[in-house]
Amino acid sequence: MILREARDYVRMAYDVMVQTVDTREIGKTLAIPSEYWQRDWINEETSLEVQRREDVEDCDRNQSGYDLRSAKGLRIQSKFRSSALHLENTRRNSQKNQGAASSSGHVAYSLGECDVFCFTRPNGEYNTTDTWEILAIPAAALEDPKNPGFIRRSIPKSLERQWIGRAKEVLEGLEAQR
């Protein structure tokens, strides 16, 4: 009988993902840890006090909308992205999501589900957070001009560049508006 902890197998799999630079699987694996890292970064580097959303039983099972929330109610959708910034998610193609679905079956976020999107950018380093950065973009700045009322499914580099290095400013500015 094999007697190992599940976390041992998680570590083995993670090490292989990093060695093979499997960014898709690394991103899935680090999505929730990134939420905790963003919480800590925001709490240490800004004037905000945020907590990770833990009310899963009180919300839909897809955990739509946001992952972190400030004491004043700022809703933050957390993402881990090592390359292109995409925002499609896998939700049911329901009445509620009409007009949001793409041909791939993925669904765009609705404007108003969150106040800001925060992207963890690992800058090629997955085993330590020393090089990780946060890119914060207000949800309003991401409204899709071709699909009003919904967030873009991907963010062009030209739009992304406008927000680089401004996470503290963006978060504190949005918090001040509450």
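First, a word on what this report is: a plain description of the structure on this page. As the structure is a computational prediction, the values presented were derived from the model and not from experiment. (Residues numbered from 1 in each chain as written. Predicted model: local features only at pLDDT ≥ 70, side-chain atom pairs only at ≥ 80, totals over all residues. Heavy atoms only, no water.)

**Notes on the overall build of the protein**
- Along its length, the protein carries four helices and five strands.
- Element order for the protein, N to C, with α for helix and β for strand: α-α-β-β-β-β-β-α-α.
- Relative to its full complement of 178 residues, the protein shows a buried share of 41%.
- A separation threshold of at least 6 residues defines the contact pool for the protein, and within that pool the share at least 24 residues apart is 57%.
- Accessible area for the protein stands at about 10400 Å²; split by element, carbon and sulfur atoms hold 48% of it. (Helix = DSSP H or I, 4+ residues; strand = E, 2+ residues; numbered from the N terminus. Buried < 20%, exposed > 50% of the residue type's maximum accessible area, 1.4 Å probe, protein only. Contact = heavy atoms within 4.5 Å. Areas by Shrake-Rupley, 256 points an atom, 1.4 Å probe, with all protein chains shown as cover.)

**Points about the side chain of E113**
- By secondary structure assignment, the location of E113 is in the loop between β3 (75-80) and β4 (116-121).
- For E113, a relative accessible area of 14% gives the class buried.
- A polar side-chain atom of E113 sits 2.7 Å from the main-chain amide nitrogen of S110. (Polar contact = N/O pair within 3.5 Å; in protein donor to acceptor, adjacent residues only side chain to side chain.)

**A word on the environment of D130**
- Inspection of the secondary structure puts D130 in the loop between β4 and β5 (133-138).
- A polar contact of 3.3 Å, which involves the side chain of D130, links it to the side chain of T128.

**Re helix α4 (residues 167-176)**
- For α4, the set of buried residues is A167, V170, L171, L174 and E175. For α4, the arc enclosing every buried residue in end-on projection is 125°, short of the 170-degree limit, so these residues lie on one face.
- Where the residues of α4 are buried, they touch α2 (23-45), β2 (68-70), β3, β4 and β5. (Arc of directions from axis to C-beta.)

**Some thoughts on the environment of R53**
- Here R53 is to be found in the loop between β1 (50-52) and β2.
- A sequence separation of 13 residues divides R53 from Y66, and the C-alpha atoms of the two residues are 7.6 Å apart.
- Of note is the side chain of R53, whose polar atom sits 3.1 Å from the backbone oxygen of Y66.

**A short note on the packing of α2 against α4**
- Where α2 meets α4, the closest approach of the two axes is 11 Å, and the angle between their N-to-C directions is 80°. With respect to their mutual orientation, α2 and α4 come out roughly perpendicular. Taken together, the residues of α4 that come into contact with α2 (itself represented by W41, I42 and E45) are A167, K168 and L171.
- When the residues that make up the contact of α2 with α4 are grouped by side-chain class, the tally is four nonpolar, no polar and two charged. (Axes fitted to C-alpha atoms, helices over the stretch in contact; angles between N-to-C directions. Parallel < 35°, antiparallel > 145°, perpendicular 65-115°, else oblique. Nonpolar A, V, L, I, M, F, W, Y, C, P; charged D, E, K, R; others polar.)

**Thoughts on unusual backbone geometry**
- You will see that V21, though not glycine, has its phi angle at about 50°, which is positive.
- Within the secondary structure, V21 sits in the loop between α1 (6-19) and α2.
- With relative accessibility at 52%, the residue V21 sits in the exposed group.
- Even without being a glycine, N123 presents a positive backbone phi close to 55°.

**Some remarks on the sheet that holds β2**
- A sheet is described by the order of its strands in space; here five strands give the open sequence β1-β2-β3-β4-β5, paired in mixed fashion. Looking at strand neighbours, the two that pair on one side only are β1 and β5, the edges of this open sheet. Each strand of the sheet is rotated relative to its neighbour by a mean of 25°, with strand direction disregarded.
- Relative to β5, β4 is paired through six bridges, and the arrangement is antiparallel. Counted as the bridge partner of F119 is L135 from β5. (Pairing = 2+ DSSP bridges.)

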